[in-house]
Structures are given as C-alpha cells and as structure tokens.
Amino acid sequence: MKNIKIFGGLFIMALSFIACSGIPNYPAGENKTNEGTITCTIGDSTVVVEPVNTKIPSNFMRGFDSSADTEAAVSYKNTASNDCSIYETLSDFGVNWVRFRVWNDPQNGNIVAGKPAGKSDKDVVVAQSLAAKKAGLKVLLDFHYSDYWADPAKQVIPKDWLSCADSDAMAEKLSDYTKEVLQAMKDAGAAPNMIQIGNEISSGLLKHKSISENSAGKEVVTDAASAVKGDFLSDQYFKYLEAGISAAREVCPKAKIMLQFTDIKRRSPVDYLRSPKFQALDYDIVGLSWYSEWASHGSLAYLGEVISEIKSEYKKEVAVVETNVHHTSENGLLTAQHKANFVDADGNLYPGILADEEGNIIASVQNQANIIRAIIEVTAKNGGCGVFEWGGEYLGNWNSMFAGSGVPLPSLAVFGVQ
C-alpha cells in the first residue's frame, strides 16, 4: 500500500506512514497528475481537478475553517477509514491554513434559548490551534466578540459585557478579552499567524443586547443602549476595532490583522473603506465572504472586480475568508441564485462549472471541487491572497467535504490545485 500526499498540487507517493493511524489505500494508478491535472479516488467516488488558468503564488492561503471539528459525533478519518486528526488529513490534501472562531462564553452566554451551545471557547481554540500547528498548518483566529454567531444580522454583546455603561468600558472589555485569549494561545505555543477582529462586521460590532427566536423560527435581536451600540461606521464601531487591533498587536506583533466584510454587492467595501477612519486603522488584510446563494454577494466576476479594486486603491491584501459549495441537494441541482452568480465577466457560466442542458448548476462532489477551483482561480487572478472553505468540517452536511462516516470526500483534492 502507498501513502499519497498532496504538496502544491502534486501527489507524492511514499511507503511511509503519515501522522495518523493508517495508510491511505489507493489502487495504483488511480491518483496521478497529468500536466497539473489531479485525479483523486476515494471509495467509489472520483474527482478530477483541472489546473487553474492563472499563476497561484507559493504563499497563497489554501484555507479551511474547521471550527466545529470538536463537535463531530464520530472521529475524522483518513482515506483508509482509519481514525485520524482532521488537521493531518487537511494537510495531506494541500490545505495550509485553518481558521477557528472563538466565542466568549458559548456554554452559558447570551445565546438563543433552546439552541445548542457551541464549544468554541478559549480552551477549545488553544487545543485546536496546537493540533493544527502540529500538522504544519498556520492559524487564523476569528474573534466573534459574542457568545453566539456574529454576522450582519446579529452582533450580540457577550452576556458578561452587558453591564458596561458606556463605550469606553466596552472597549476595555474587548481589549482585555483579546489579550487574554491571545496570551493563552501564545503561552501554549499556539499563537495565531493571523487575527480577525470581529466576524462579518458589515453592519456593526457589539450592537445587540439580546437574541431570541419568534414563532416562525426567525432570530430576533434587541438593540443595545445607544451609549454602547457599535453601529456600522459609528464612532463606537471604530473605537471597538481600534481596541481589538491594538490588543492583538501588543500580544502578537508578528501576526497579520484581518477585517472581514460580507454582502459585498449590496454594500461594497471598495466604497466604505475610503472613509478616513477606516484608512486610519492598522490592519493588513481585507477578508470577504462570498456565498453564491446570496444575491447580495454578487457574481464570481463581481467578486474578482472587488478584490482587484481593493488591492489597487487601498494596497491591502484580500482573501475570500468564507465560501462553501453544496455537493448534494434534493433534486441534484443548486438554486437559481447559484446560477445567476456563477458567471464570468461576459455573463457566461464560469468555465469548468457543470450545468444541465437548461443551464442549471449541478450539485455533486465533482462540481463542489469545480466551483471551489473557480473561486480560487478568480481570487488568484485578481491578486487575492487566499480562499477559505467554511463549514466543510460538518460531517455529512450538504456543504461538507467529509462524509458522515468521517472519511474525506475526493473534492478535498481541489486544495492542491495549481
């Protein structure tokens, strides 16, 4: 049996064990490169990844958000179905960065009543980062500054911070917490290589005091008091960002700082980053969310335009820090919104993406790889520095890159694309 590992798009065959407990068992000849083409077979599923039509820099971030790996009901496995660290498996397939969220108090904090609590607290993140670094991966730490999910619809203040009477007190809490988490990681030998201040902060930061769910199952937020509410582009919003950045620079001066935005079609960062207050912030990288099912995110062509314009006008690095792709659906197709967003600059379906005779996008493991390949190509071609898959660690889920058994899907081979 042979161990096959992906480095920079090349499958390297060796007779040695990797760090996990088993050797991937590939029949001879089923995994190879052919002038940059990758063919990967796992079980009865085969994926072919064609090379991209651009040069990918050697330091390009081939990223994977694996925040929920501690919540999996079964163990992650290698291609031989033997228990294995998810980080070793990701590394074998070409991933070089992982991203972890950190919530303040997900077990007892300010979350939706009746919803299961998460596990992404300080102690969990320290352990995850240690394991990731042991596998040779770099770490991006994503501060949500919440006990719960933070995104454009909700930026819920942590329960323990609700007593803050004004924005100065809130900024101090944010600064102290940032230092506490980063110092714990540093002391453990797992300091992050990049630090994200806030998650999808396109509507604000620390602006809601509570969250609940109505009878229709929709999440409903309650605004915080005006004295602390960090509305988008408000003085308090920038005060909180400055506090987080300063704390991160103090504890981890070598780490790069990222700010993440979403809904880039509805509210383009090309425009609001022009604000003097944004330009005064000491950050390095603009992180973007791009999910094809949302009209507010725009098309692949538009994503490329935004990346190029931010690079040109603001001289910042740009990464697609969240994206994901369905590999299955009830009818075998993706939605109409996917179809609208998977177009190139001429309005045609982006090359390599599979569709039926009517132009509907196909949901399959092969097309999952094809679409992620297209996102990598668009990002690199327009000067972006990386792409991170989000949600791929949720075993057996619609957008997972692992089967329910914990075995990787062959679409993971896309991270070795050249």
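A short tour of the structure in this document, coming up.

**A short note on the environment of Phe402**
- Locating Phe402 in the fold gives a position in the segment after strand 15 (386–390).
- Contacts of Phe402, omitting those with residues within four sequence positions, involve Phe64, Tyr76, Ile86, Thr89, Leu90, Gly392, Leu395, Gly396, Val407, Pro408, Leu409 and Leu412.

**Some details on the nonpolar core**
- Of all hydrophobic cores here, the largest spans 103 residues; its most connected members are Leu241, Phe278 and Leu300.
- The element contributing the most residues to this core is helix 9 (residues 365–381), with nine residues.
- Setting aside residues no more than four positions away along its own chain, Leu300 makes contact with Trp290, Asn341, Phe342, Val343, Tyr350, Ile353, Ala374, Ile375 and Val378.
- Counting ten residues, the second-largest nonpolar core is a separate cluster that includes Met194, Met258, Ile285 and Ala319.

**Looking at helix 4 (residues 235–251)**
- An ideal rise of 1.5 Å per residue puts 24 Å on 17 residues; helix 4 measures up with 25 Å between its terminal C-alpha atoms.
- Counting buried positions along helix 4 yields twelve of 17 residues, so the element is predominantly enclosed.
- Considered for burial, the residues of helix 4 that qualify are Gln236, Tyr237, Phe238, Tyr240, Leu241, Ala243, Gly244, Ile245, Ala247, Ala248, Arg249 and Val251.
- Close packing links the buried residues of helix 4 with helix 3 (167–187), strand 9 (194–197), strand 12 (256–261) and helix 6 (276–279).

**Quick notes on the pairing of strand 9**
- The side-chain alternation of strand 9 yields two buried faces, one formed by Met194 and Gln196 and the other by Ile195 and Ile197.
- Relative to strand 9, strand 8 (residues 138–143) is paired through four bridges, and the arrangement is parallel. Paired with Leu140 across the bridge in strand 9 is Met194.
- Between the parallel elements strand 8 and strand 9, the chain passes through helix 3 in a crossover that is right-handed.

Thresholds, definitions, all that
- Residues numbered from 1 in each chain as written.
- Predicted model: local features only at pLDDT ≥ 70, side-chain atom pairs only at ≥ 80, totals over all residues.
- Heavy atoms only, no water.
- Helix = DSSP H or I, 4+ residues; strand = E, 2+ residues; numbered from the N terminus.
- Contact = heavy atoms within 4.5 Å.
- Core = buried A, V, L, I, M, F, W, Y, C linked by side-chain atoms within 4.5 Å.
- Buried < 20%, exposed > 50% of the residue type's maximum accessible area, 1.4 Å probe, protein only.
- Expected span 1.5 Å × (residues − 1).
- Pairing = 2+ DSSP bridges.
- Right-handed = clockwise from strand over helix to strand, strands pointing away.

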